[in-house]
Amino acid sequence: MLHHTYFAGTAALGIFLISLGVTIGLTLRIRRLHAEKDRAVTLAQEQQEQLARDVHDLVGHWLWLASIKGELAYRHAEGDARLRGDLSEILQAVQHAAHAARNVSKAYQQLSLQGETTRAEALLSSFGAYCSVRMDVTDLPDDVSATLGTVVRETLTNMLRHSKVTRCAIELTGHGGRLRLTVANDGASRREPASTGSGLGNLGHRVGKLGGTVRVTADGDGWFILIAELPLNFSE
């Protein structure tokens, strides 16, 4: 009787161990399948983001440049209603194309301060203007870099629209855990108000989300100065 009980117990233990081994094997296989799926999803996302970056690099810059120069031509065509009408249609087409390019992927919308300052230097040079850049702070958090990059882009657009710029200075400094981005340009029209425009209002809203502020000033010598200040690390 004891021998029978021992045999039965051994058999049960063997079945348990086999079942446990099978369960562990299936669990490990399921984990491997999940890991392979995660890697495939990550690879697909990386490929999508790379495509978006390629579209941005190949198309986005030129569409933006065409839009800026088209707007300048539109402004200078005052008095020629037919030409202004044609330019308006061209601008709408370019802006629609730029909007489509931006929406290829959300990854495109992640601007950077470094990228936008490089773009500003190149674009101003194409207009015969000199741009100096000074960055005392590097390795910014992504959201801060994207927000400050947007500030540079919008300010550059405004200066090309409303100024006869020949000199521009972009400077980023940091002190006491706070950042200050200054963008200054000459050639500003004295008739232009220093703090109007939906673009500047949108900048104030965006910088405000990170606990910062935006202010603009204009002196009597045609210099327009925009200052954006925000904490390096902000938590609501």
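Since the model is a prediction, treat every value here as computed from it, not as a measurement. (Residues numbered from 1 in each chain as written. Predicted model: local features only at pLDDT ≥ 70, side-chain atom pairs only at ≥ 80, totals over all residues. Heavy atoms only, no water.)

1. Digging into the sheet that holds strand β2 (residues 167-175)
The condition is simple: What makes two strands pair is DSSP finding at least two bridges between them. Comment: elements are numbered from the N terminus, with helices defined as DSSP H or I runs of at least four residues and strands as E runs of at least two. Note on geometry: axes are lines fitted to C-alpha atoms, helical ones only across the stretch in contact, with angles between N-to-C directions running from 0 to 180 degrees. A contact between two residues is defined here by any heavy atoms of the two lying within 4.5 Å.
Ordered by their spatial adjacency, five strands build an open sheet running β1-β2-β3-β5-β4, and the pairing between neighbours is mixed. Each end of this open sheet is capped by a strand with a single partner; those strands are β1 (130-135) and β4 (213-218). The mean inter-strand angle of the sheet, taken between neighbouring strand axes irrespective of direction, is 10 degrees. This element, helix α3 (residues 113-126), spans β1, β2 and β3 (178-185) of the sheet and lies at about 160 degrees to β1. Its contacts with the sheet place helix α4 (residues 142-162) against β2, β3 and β5 (224-231), and it is angled at close to 15 degrees to β3.

2. So, the pattern of salt bridges
Quick reminder of the rule: Between Lys or Arg on one side and Asp or Glu on the other, a salt bridge is scored when a side-chain nitrogen of the former is within 4 Å of a carboxyl oxygen of the latter. Exposed residues in this analysis have more than 50% of their type's maximum accessible area, buried residues have under 20%, and partly exposed residues fall in between, with area computed by a 1.4 Å probe over protein chains only.
All chains considered together, the criterion is met by seven salt bridges. With its nearest N and O atoms 3.2 Å apart, the salt bridge here joins E116 to R119. Placement of both E116 and R119 in helix α3 is noted, with a separation of three residues, approximately one turn of the helix. Both residues of the pair, E116 and R119, count as buried.

3. A look at unusual backbone geometry
Located in the positive-phi region is D139, a residue other than glycine, with phi close to 55 degrees. With respect to the helices and strands, D139 occurs in the loop between β1 and α4. For D139, a relative accessible area of 78% gives the class exposed.

These figures capture arrangement, not role.
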